[in-house]
Amino acid sequence: MQSYNLTHLQELEAEAIYVLREVAAQFERPALLFSGGKDSIVVAHMARKAFWPARIPFPLVHVDTGHNFPETIAFRDSFIEKLGATLVVGSVQQSIDEGKVVEEKGYNASRNALQTVTLLDTIEEHKFDCAIGGARRDEEKARAKERFFSHRDDFGQWDPKNQRPELWNIFNGKKHVGEHFRVFPISNWTEMDVWQYILQEKIEIPSIYLAHERDVFIRDGVIMSTTDFIQQRDTEPTVSMKVRFRTIGDATCTGAVESDADTIEKIIEEVAAARTTERGTRSDDKRSEAAMEDRKKQGYF
Amino acid sequence: MDTNSYLDMELLRFSTAGSVDDGKSTLIGRLLYDSKSIFADQYEAIEESSKRKGEENVNLALLTDGLRAEREQGITIDVAYRYFATPKRKFIIADTPGHIQYTRNMVTGASTSNLSIILVDARHGMVEQTCRHTFISSLLGIPHVVFCINKMDLVDYSEEVFEKIKDDLEAFSSKLNVKDIHFVPISALKGDNVVNKSENMDWYHGSTLMYLLENIHIGSDYNHIDCRFPVQYVIRPQSDEYHDYRGYAGRIAGGVFKPGDEVMVLPSGLTSKVKSIDTMAGSLEEAFAPMSVTLTLEDDIDISRGDMIVRENNKPEVEQDVDVMLCWLNEKKMVPRGKYAIKHTSNDARCVIKEVRYKVDINTLHRIEDDKEVGMNEIARVSIRTTKPLLYDNYSRNRFTGSLILIDEGTNETVGAAMII
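Residues numbered from 1 in each chain as written. Chains lettered and ligands numbered in written order. Predicted model: local features only at pLDDT ≥ 70, side-chain atom pairs only at ≥ 80, totals over all residues. Heavy atoms only, no water.

Participant: Give me the lowdown on the overall build of chain B, citing residues and values where you can.
Facilitator: Scanning chain B from terminus to terminus reveals 7 helices and 23 strands. What you see for chain B is a C-alpha radius of gyration of 24 Å, in line with the 22 Å of a compact globule of 421 residues. Dimensions along the principal axes, computed over C-alpha positions, put chain B at roughly 70 × 60 × 40 Å. Of all intrachain contacts in chain B linking residues separated by at least 6 positions in sequence, the fraction that spans at least 24 positions is 69%. Taken as a whole, chain B presents about 17,300 Å² of accessible surface, with 45% of it coming from carbon and sulfur. (Helix = DSSP H or I, 4+ residues; strand = E, 2+ residues; numbered from the N terminus. Rg over C-alpha atoms; globule rule 2.2 N^0.38 Å. Contact = heavy atoms within 4.5 Å. Areas by Shrake-Rupley, 256 points an atom, 1.4 Å probe, with all protein chains shown as cover.)

Here you go:
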């Protein structure tokens, strides 16, 4: 007798594809936020599957801090070309030039927080009524309560106490003019699920996820890549190490880990044995115990 | 864990419910900790936090405390989702608070669960909240219920205490529609029978909680009998290569579909055959709930979102007048004779509340017939009439085609969760 069981990856994929199709059906002008990181790559890959053999019926949006690892942008362009999707770029540099945001100064300066303004501006400019993101509930405790369909008011704010209950697989995307939604198809995935899926589907990823020799320095116990965008202190000498990145964000606040994992299989072994969460390398989360919750209320990813 | 074995794992979704001091957060913390799903930085953070608050042991409950408002008040105010995995299964926990005012969260968490863990304090036995949690698990059609009799360490690990509580729970559950029930005596704080078998209760010969979670049979939790394919989205590539391609995208809500199957499209009643089941990775020989696929049919029929593809000899009900068990989720009370937007499978419609037949006292299961006002967290049997026929099955037969939500047309908020009787 045939057994009708799905593996957990098949079930998670079926759920994500269902969510992506709901977005296309319920919204007029959706967009997929694409950072070039593994989570948004996985979401884009499933968007391709969800609408195949048609093209993805919405553009990909990259909020570009200007402080990228060079590998990320090259990867982004080739990935999107192969996907046959359109790309919209929201530029943090432009927001700075237009005086909408003021750049942080000093050794710990980061453009991470500035992204929120650029993101909301891009959403407004293109009249996007839904922005699909690759956030996962296991990443951070404020995200553990996020909905698949997350309502944002006309200032782009998230109100954690007034979220719509989400039952069964029925998603309520109804909204008033000016409001928009954030939708998170891989809410139920963990870091491990993402890597396993990348392995299973043979998805291409930026090379900096794999172990490589890199010029780095140590700040507050975090391994940072040397770049033109970070001022190093005299006490922070450049050294060469074999490292890889567990997340890809703005180069100024994304730390690396020492690693020999130069294949996806080895990364999976490493993740299985890991002793710290992947956001442990993100200095933007360390600013206070509720740093993520505060940024999300203002309209962060 | 080797890389390939991970590709064979199953997914189990469960919800946890308990009263305020039943030790629910401690239990989840214990499951995460003993299954080694806690990272060093998370553990250090709560260790530090426990010390700061002057607590003697590391408070595992802190692991599941989410938002700042909750940390300040020391309570959980919404459904929070947690994840962990063992070599056999990946688990999604819908962690819902147990206070009466949060029935709506419990309903939300329960709606997608395969299994419900209900915590009972061994010192107090079955209390009102236990009845409420059991009733909601049964109402939401959760296939498996596990009662964890917690704090056994505080009753000297007494078999008698456990057996008495078990008898009470069995008697109560017999009045409900719960198919598969288990009882486990545990101490979440000390770790007895959670992941590791207790050395303090040699009289107990059953499974540990973790063993149950890893081995309970979930293959039959989805309906694989009645073919139901709500059309979610129509795929028309309009490219040279796929010029005349029309694919119907959706997630199978019930049954098994195969190419060549004779099918009927509702509500039109037109018939055709399944030509292919397409995915980007290639065409499939069969597809079943809850897979997301794309069907193509032999004939060119006008089909759009909201239609349902079924088998001619096994059709869903097609009705405008339905009775539902309704859980009210909003602070604004339900308006008698009020009109609401509804979402049911991939359909949008409107409905009017025709009659409140009775409310259910969720602590005693008694019917309340003289008070017809339905407020937040209340559950009532209600008759509604919809603007167009619903294509549905009874909720007990199919959770996907038997459920719908009510939406306030002014605020767009989801205000009601309904299960069709």
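Participant: I'd like a description of the packing of helix 2 (residues 38-51) of chain A against helix 3 (residues 70-83) of chain A, backed by residues and values.
Facilitator: Residue and element names in this part refer to chain A. At a closest axis distance of 11 Å, the pairing of helix 2 and helix 3 adopts a crossing angle of 10°. Taken together, the axis directions place helix 2 and helix 3 in an arrangement best described as roughly parallel. The segment helix 2 lies against helix 3, with Ile41, Ala44 and Arg48 engaging Phe75, Phe79 and Leu83. Residue composition of the contact of helix 2 with helix 3, grouped by class: 5 nonpolar, no polar and 1 charged. (Axes fitted to C-alpha atoms, helices over the stretch in contact; angles between N-to-C directions. Parallel < 35°, antiparallel > 145°, perpendicular 65-115°, else oblique. Nonpolar A, V, L, I, M, F, W, Y, C, P; charged D, E, K, R; others polar.)

Participant: Please set out the nonpolar core residue by residue, giving values where relevant.
Facilitator: Taken as a class, soluble globular proteins show a tendency for nonpolar side chains to be buried jointly. In this structure, Met46, Phe149, Trp189 and Trp195 of chain A are the most contacted members of the largest nonpolar core, which totals 72 residues. The leading source of residues in this core is helix 1 (residues 8-26) of chain A, at 9 residues. Once residues lying within four places of it in the same chain are set aside, the contact partners of Trp189 of chain A are Leu12, Glu13, Ala16, Val42, Met46, Arg136, Asp138, Val194 and Tyr197 of chain A together with Lys90 of chain B. (Core = buried A, V, L, I, M, F, W, Y, C linked by side-chain atoms within 4.5 Å. Buried < 20%, exposed > 50% of the residue type's maximum accessible area, 1.4 Å probe, protein only.)

Participant: Can you explain the domain arrangement of chain B? Please cite residues and give values.
Facilitator: All names here are of chain B. By domain assignment, chain B separates into domain 1 (5-215), domain 2 (228-310) and domain 3 (317-420). Listed as interface residues are 22 residues of domain 1 and, on the opposing side, 14 residues of domain 3. Regarding the contact of domain 1 and domain 3, the summed buried area is about 1,500 Å², with carbon and sulfur atoms giving 63% of it. Where domain 1 packs against domain 3, one counts 0 salt bridges. Counting residues per element, the ones that place at least two in the side of domain 1 that touches domain 3 are helix 4 (103-110) and helix 5 (128-139). Broken down by element, the side of domain 1 that touches domain 3 gets its largest block of residues, 6 residues, from helix 5. Per-class residue counts for the side of domain 1 that touches domain 3 are 13 nonpolar, 6 polar and 3 charged. (Domains from an automatic or database assignment. Buried area = accessible area lost by both parts, 1.4 Å probe. Salt bridge = Lys/Arg side-chain N within 4 Å of Asp/Glu carboxyl O.)

Participant: With reference to specific residues and values, describe the pattern of salt bridges.
Facilitator: By the definition in use, this model includes 38 salt bridges over all chains. A salt bridge links Asp226 of chain B to Arg397 of chain B, with the nearest nitrogen and oxygen atoms 2.8 Å apart. Of this pair, Asp226 of chain B sits in the loop between helix 7 (209-215) and strand 7 (228-230) while Arg397 of chain B sits in the loop between strand 21 (379-392) and strand 22 (403-407), and the two are 171 residues apart along the sequence. Its relative accessible area of 4% is what places Asp226 of chain B among the buried residues. Of the charged contacts, one joins Arg381 of chain B and Asp323 of chain B as a salt bridge, the two residues approaching to 3.0 Å between their closest N and O atoms. Residue Arg381 of chain B is found in strand 21, and its partner Asp323 of chain B is found in strand 17 (residues 317-328); the two are separated by 58 residues along the sequence. Among the ionic contacts, a cluster of salt bridges with common partners joins Lys38, Asp39, Arg136 and Asp138 of chain A.

Participant: Give a description of the sheet that holds strand 9 (residues 239-245) of chain A that names residues and reports values.
Facilitator: All names here are of chain A. Taking strand neighbours around the barrel as the criterion, the 4 strands line up as 7-8-10-9 in a closed arrangement whose pairing is antiparallel. On average, each strand axis in the sheet is tilted by 70° relative to the strand beside it, whichever way the strands run. Both strand 7 (residues 212-219) and strand 8 (residues 222-225) contribute to a ladder of 4 bridges, which runs antiparallel. Each residue of the ladder has a partner; that of Phe217, found in strand 8, is Met224. (Pairing = 2+ DSSP bridges.)

Participant: Give me the lowdown on the packing of helix 4 of chain B against helix 5 of chain B, citing residues and values where you can.
Facilitator: All names here are of chain B. Taken N-terminus to C-terminus, the directions of helix 4 and helix 5 make an angle of 40°; their axes are 10 Å apart at the nearest point. Judged by the inter-axis angle, helix 4 sits oblique to helix 5. Here helix 4 and helix 5 pass one another in a crossing that is right-handed. Between helix 4 and helix 5, the residues in contact are Thr103, Met106 and Val107 and Arg132, His133 and Ile136, respectively. Looking at the contact of helix 4 with helix 5, its residues break down into 3 nonpolar, 2 polar and 1 charged. (Left-handed = near helix turned anticlockwise from the far one by under 90°.)

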